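An overview of the molecular structure
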Amino acid sequence: MNLDNYIIIMAGGVGSRFWPMSTEEKPKQFLDVLGIGKSLLQQTVARFKTVAPAENILIVTSAKYKALVAEQCPELLESNILLEPCMRNTAPCIAYAAYKIKGLNPEANIVVAPSDHLITNESEFIRIIENGLNFTANNNALLTLGIQPHRPETGYGYIQANSVDSDLLSVISKNPNIGSEGEAYETMPNAESTDNGQPTTDNPLQVAAFKEKPNIETAKEYLAAGNYFWNSGIFLWSLKSILTAFESFVPEVAAIFQKGEEFYNTDKEQAFIDEKFPTCTNISIDYAVMEKANNIFVQPADFGWSDLGTWGSLWEKRERTEQGNTVVGEKVHLFEADNCIVNMPKDKKVVIQGLQDYIVVEDNDVLLICKKEEEQRIKEFRAAVIE
């Protein structure tokens, strides 16, 4: 295990699309949505403990979730639970953790990952991560993982890689404003390709563009093209490379956290963050850095990934019966029911008859019954109950 490896886990989201199971007081990342006895956060931490020692794992979360994180992840250092006083999107979140790590290990090599994603092939995931860390340790590159698409998905953003014909692993241009200490590596590994001309997944590919969530026709075009990947929101880079990128592209954010370098990893850190963090621009890492820099690479990967953004995506990943049902709850009985996802309290006696393609969830004194195809209205349903 490389002691220079660090993990930043982002765990501040409110998970409103998994209501009523997920609430603002205890959102999705702290829940056992798979019914396996571990929350999504606990699964994420366990996964990364094979990549970096526990003392090198940092969790960035809301101040109100400090107790939840400490309870669920007792193996982590209390000082590595970073508390945001307010939500400011992913760029300030990552910048805070990166500048804190700078005070611990200037040679750090970092993985940034959400806390609430599902990975079903963990051995392949670890292989991809370790290969990616080797790449970022030896190249001035900002790397993101792109998931090989299996269907024309409209719910994810896409990453377009340069085609093999346009020299997808071309030289990163020398630029005094890009990369570690203003230098760029002059060569990258040669790309290999399959019989149909598509690149293999063994080498990172240079990114041509980031694409917003497409309509179905565009998604079909992306799938057919072969050089488009789902944007996983998982990033790898050296500390030097990401700090240079922040200072180049969002200097106003970098300047805020540079002012705190004397306070990080001391008892004055939280007071500094409470005062300065709210002054940060609300901006994602994609807009702040990834869509501006010229040293962006994507690692194609396929390790059973899902962002678990909806009940429908959870239904797809859970083990299902012959009738297509997936159930959490020991006393649930289904009759003439197909393709439903059911989440019930352990001791709740439930009989469901005649439903097809429904979500049935009871938690926090709320029972939700809605069509899977209408789950985009869950925020509307939630608002009606809360009001």
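Data block above holds the structure.
Residues numbered from 1 in each chain as written. Predicted model: local features only at pLDDT ≥ 70, side-chain atom pairs only at ≥ 80, totals over all residues. Heavy atoms only, no water.

Bringing the overall build of the protein into the picture now. Within the protein one finds 11 helices and 17 strands. A separation threshold of at least 6 residues defines the contact pool for the protein, and within that pool the share at least 24 residues apart is 69%. In the form shown here, the protein has an accessible surface area of approximately 17400 Å², with 46% of it arising from carbon and sulfur atoms. (Helix = DSSP H or I, 4+ residues; strand = E, 2+ residues; numbered from the N terminus. Contact = heavy atoms within 4.5 Å. Areas by Shrake-Rupley, 256 points an atom, 1.4 Å probe, with all protein chains shown as cover.)

The next point concerns the nonpolar core. Membership of the largest hydrophobic core comes to 51 residues, with the highest contact counts inside it found for Ile110, Leu142, Trp237, Phe246, Phe257 and Met290. Examining the composition of this core, we find that nine residues originate from one element, helix H3 (residues 90-104), more than from any other. Setting aside residues no more than four positions away along its own chain, Phe257 makes contact with Pro92, Ala95, Tyr96, Tyr99, Tyr264, Ile273, Phe277 and Cys280. In terms of nonpolar packing, the next biggest core, distinct from the first, is built from 44 residues, Ile7, Val51, Val111 and Tyr228 among them. (Core = buried A, V, L, I, M, F, W, Y, C linked by side-chain atoms within 4.5 Å. Buried < 20%, exposed > 50% of the residue type's maximum accessible area, 1.4 Å probe, protein only.)

Moving on, we get to the packing of helix H6 (residues 239-249) against helix H7 (residues 251-258). Where H6 meets H7, the closest approach of the two axes is 5 Å, and the angle between their N-to-C directions is 120 degrees. The angle between H6 and H7 places the two elements in the oblique class. Here Phe246, Glu247, Ser248 and Phe249 of H6 come into contact with H7, specifically with Pro251, Ala254 and Gln258. Residues belonging to the contact of H6 with H7 are distributed by class as follows: four nonpolar, two polar and one charged. (Axes fitted to C-alpha atoms, helices over the stretch in contact; angles between N-to-C directions. Parallel < 35°, antiparallel > 145°, perpendicular 65-115°, else oblique. Nonpolar A, V, L, I, M, F, W, Y, C, P; charged D, E, K, R; others polar.)

Here the focus is unusual backbone geometry. Looking along the chain, the bond that leaves Trp19 and enters Pro20 is cis, with omega of 5 degrees. Tracing the sequence through the fold places Pro20 in the loop between strand E1 (5-10) and helix H1 (40-48). The phi dihedral of Asn89 is positive, around 75 degrees, even though this residue is not glycine. Locating Asn89 in the fold gives a position in the loop between strand E3 (81-84) and H3. Asn89 gets classed as partly exposed once you look at its relative accessible area, which sits at 38%. In the Ramachandran plot, Glu336 falls in the positive-phi region, its phi being about 45 degrees despite a non-glycine side chain. Mapped onto the fold, Glu336 is located in the loop between strand E13 (332-335) and strand E14 (341-343). Note on Glu336: relative accessible area 55%, which makes it exposed.

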